[in-house]
There are 2 protein chains.
Amino acid sequence: MEENNKRTDVNELGEFGVIEHLTRNFALNNPDSIKGIGDDAAVIDIGDEALLISTDMLVEGIHFDAAYTPLKHLGYKSVVVNVSDIYAMNAIPTQITYSIAISNRYSVEALDDLYAGVLKACEMYGVDLVGGDTTSSPKGLSISVTAIGRAKKEQVVYRSGAKPGDLICVTGYLGAAYLGLQILEREKQIYLEHPTVQPDLDNAAYLVESILKPEARKDTIQYFHKNNLKPTSMIDISDGLASELHHIAKQSNVGLFIEEVNLPIHQETQLKAISFNIDPLTCALHGGEDYELLFTVDSKDVEKVKYMPDVYIIGDIVEKKEGLKLHSSGGKIHNLTAQGWKHF
Amino acid sequence: MEENNKRTDVNELGEFGVIEHLTRNFALNNPDSIKGIGDDAAVIDIGDEALLISTDMLVEGIHFDAAYTPLKHLGYKSVVVNVSDIYAMNAIPTQITYSIAISNRYSVEALDDLYAGVLKACEMYGVDLVGGDTTSSPKGLSISVTAIGRAKKEQVVYRSGAKPGDLICVTGYLGAAYLGLQILEREKQIYLEHPTVQPDLDNAAYLVESILKPEARKDTIQYFHKNNLKPTSMIDISDGLASELHHIAKQSNVGLFIEEVNLPIHQETQLKAISFNIDPLTCALHGGEDYELLFTVDSKDVEKVKYMPDVYIIGDIVEKKEGLKLHSSGGKIHNLTAQGWKHF
């Protein structure tokens, strides 16, 4: 029962617009609520330390297709995407809660597969499963995970700390998960049209694994802590590099300048993108689901990041008035548009 | 894709059986994980204090019927059922995260109503909204709420602390929410068959409000703290008194003895149950969704609970070998069977 007569479609506002709109009247009133909505995780004051909390929902038919997503991988990934948010605050994940709503299509054996993946991820990332809810659903599978983490209060890194002169860095390669998804979608279509044809996933292991079984950058955070390196800002790349750059720029009140030639794109991503007639740059900027870390560091720390394994310096933070620009490999300057994954 | 050939329906195990089965291989490895699955909330060590975490999912068509559930009430209730779990640990809720998956049937205005209820509950219970996720769903509305709370570590009350000789107490009245639901279901059927008939909710305000807009027992916990009264065990009544008594008995390794004449049943519940040809005792024992507190106290504290507003002493904890018994108003002794709400 809707109590108003006006009807505004959520698509008109978009995901971030809807969240901003719905939460506009909420304030933080408890003194221990350090940071609420608007970063990778909420931050709660627990004395010397901060407690981090992040939560995500994964819905069948929206975030995953049961036709080509092994449940064990799904269980693993659903934990990874949440601990990734904790790492993005420069913190260590410690616990998760795991809730599922399941239709009667799912057997106990299917759930065993799902939870085998959850267990593997808990072991990999050192988190304890401490709670959850298990209920039925009229249709499909929905998963809701909450991750909890810890950091020394002064070590927490927000999206808002980047300043002109900082270097912009990313971990790992970009765009592979997006292409992995395109491969799986293509194979699904072929299967639906020709059920006897075997899937052709040869040479696509890296790309397919990127979408089905991503890893979170535990190693990066351990390196930061070991080397006393604290980024000035950080975010994980779930919606695509360009979208995350916009979050950093908006919340830090700065502009930024990205060098296309410095964007780390794996050779397999390059080749497969071309075979799909997609610009590899589009995959890297807008693909999403990479779960790599995007962070900025003070320029005095350049020596520390230059030799960091798996880290690429892709640009600089500039004054806000200079906007968000991409220096293409062709030598031109483009405005960098945000175009994250839209689930609406 | 199910990787096993055997197919066991989740109904064969039941909700609690499924959770036990799926989580049997998970251990608590982090030293700050005090209590994991198996109580109203998980308990995390944060120094002098403990942090409590509880999470619940509410799924359209399972937990609520959009046909007769105003979204503002739903928003309010979805917060209440979660803070109730924090109170059930003798703790104070401080923050929530609020996630929704919504189909395109829901407009921004509909979500405004939902979040107006969330805001009202946040204000009522003094909790800050600090995070969440907003995504789309192929069908209907799913809500996932995580509540966070605090308590001094030695003040946390578990399900497992009841001992022979303790008094068993409940707050408020039992069974009203169940009858409220029956009234709404009946009106829905009448409406579907005769759309011009106006709903007959006269004199049913108390019962209908019990299901649509329950409150959590903040007042009870405040009374405990003010009067230095610490229950020996506690649980909130979400699945029905009998089911919760079984949880207390199992986890405390005790038996218990309940006096039917002492069960608090509101006069309106009595009358409506009779008009529906339902035994009021069945509503009180098995109705569910009451969100009252069931707790046990040491017999030395009898004077403190005897004069507590809205608290009823309904029985005693006995040795495990004596089992779980109900002394009926007719003078007979019955075995107390658990029969909670089954969402499967």
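Rules used in this analysis
- Residues numbered from 1 in each chain as written.
- Chains lettered and ligands numbered in written order.
- Predicted model: local features only at pLDDT ≥ 70, side-chain atom pairs only at ≥ 80, totals over all residues.
- Helix = DSSP H or I, 4+ residues; strand = E, 2+ residues; numbered from the N terminus.
- Rg over C-alpha atoms; globule rule 2.2 N^0.38 Å.
- Buried ≥ 20, exposed ≤ 12 C-beta atoms within 10 Å, placed from the backbone.
- Contact = placed C-beta atoms within 7 Å.
- pLDDT = per-residue confidence, 0-100.
- Pairing = 2+ DSSP bridges.
- Nonpolar A, V, L, I, M, F, W, Y, C, P; charged D, E, K, R; others polar.
- Domains from an automatic or database assignment.
- Axes fitted to C-alpha atoms, helices over the stretch in contact; angles between N-to-C directions.

J.: Can you explain the overall build of chain A? Please cite residues and give values.
T.: Check the secondary structure of chain A and you find 10 helices and 14 strands. Taken over C-alpha atoms, the radius of gyration comes to 20 Å for chain A, in line with the 20 Å a tight globule of 344 residues would show. Overall, the C-alpha framework of chain A stretches about 55 × 50 × 50 Å when taken along its three principal axes. By the burial criterion, 52% of the 344 residues in chain A qualify as buried. In chain A, the proportion of contacts linking residues at least 24 apart, taken out of those at least 6 apart, comes to 84%.

J.: Tell me about the confidence of the model for chain A, and please be specific about residues and values.
T.: Here chain A shows a mean pLDDT of 93. Residues at 70 or above account for 97%. In the model output, the complex is listed with pTM 0.94 alongside ipTM 0.94.

J.: Outline the pairing of strand E3 (residues 49-59) of chain A, supporting the account with residue identities and numerical values.
T.: All names here are of chain A. With 10 of 11 residues buried, E3 is to be regarded as a mostly interior element. Direction of pairing for strand E2 (residues 42-45) relative to E3: antiparallel, over a ladder of 4 bridges. Its bridge partner being in E3, Ile44 is matched across the sheet by Leu51. Turn length for the E2-E3 hairpin, with the two strands adjacent in sequence and antiparallel, is 3 residues, and the turn residue Gly47 shows positive phi of about 110 degrees. Strand direction decides the pairing type here: E3 and strand E7 (residues 141-152), joined by 11 bridges, are antiparallel.

J.: Describe in detail the interface of chain A and chain B, supporting the description with residues and values.
T.: Every contact between the two is made by 74 residues of chain A and, on the other side, 73 residues of chain B. For the side of chain A that touches chain B, the secondary-structure elements that each account for two or more residues are helix H1 (14-22), E2, E3, strand E4 (92-102), helix H3 (108-125), strand E5 (128-131), strand E6 (134-136) and E7 of chain A. Across the side of chain A that touches chain B, the residue classes tally to 32 nonpolar, 29 polar and 13 charged.

J.: Now, about the domain arrangement of chain A: what can you tell me, with residues and values included?
T.: Residue and element names in this part refer to chain A. Examined at the domain level, chain A breaks down into domain 1 (10-155) and domain 2 (167-335). Computed over C-alpha atoms, the centres of domain 1 and domain 2 are 22 Å apart. Facing 19 residues of domain 1, the contacting portion of domain 2 comprises 20 residues. Per element, the largest residue contribution to the side of domain 1 that touches domain 2 is 9 residues, and it comes from helix H2 (residues 71-87). Of the residues assigned to the side of domain 1 that touches domain 2, the class counts are 10 nonpolar, 5 polar and 4 charged.

J.: Before we move on, can you summarise the pairing of E2(A) with the specific residues and values?
T.: All names here are of chain A. Here strand E1 (residues 33-35) runs beside E2; their pairing, made up of 2 bridges, is antiparallel. Each bridged residue has a counterpart across the sheet, and for Ser33 the counterpart in E2 is Ile44. Hairpin connection from E1 to E2: 6 residues lie between these consecutive antiparallel strands, with Gly38 at a positive phi of about 120 degrees.

J.: Just give me the short version of the sheet that holds strand E12 (residues 311-318) of chain A, but keep the residues and values in it.
T.: All names here are of chain A. Pairing within the open sheet is mixed, and its 7 strands lie in the order E9-E11-E8-E12-E10-E13-E14. Two strands in the sheet have a free side with no partner beyond their single neighbour: strand E9 (233-236) and strand E14 (333-335). The average angle at which neighbouring strand axes cross in this sheet is 25 degrees, direction not considered. Of the strand pairs in this sheet, strand E13 (residues 324-327) and E14 are connected by 3 bridges, and their pairing is antiparallel. The partner of Leu326 across the bridge, within E14, is His334.

J.: Go over the environment of A:Lys35, please, and point to the residues and values.
T.: Residue and element names in this part refer to chain A. Inspection of the secondary structure assignment puts Lys35 in strand E1. Along the sequence, Lys35 and Asp45 sit 10 residues apart, while their C-alpha atoms lie 9.2 Å from each other. Among all residues touching Lys35, those that are not within four sequence positions of it are Ala42, Val43 and Tyr158.

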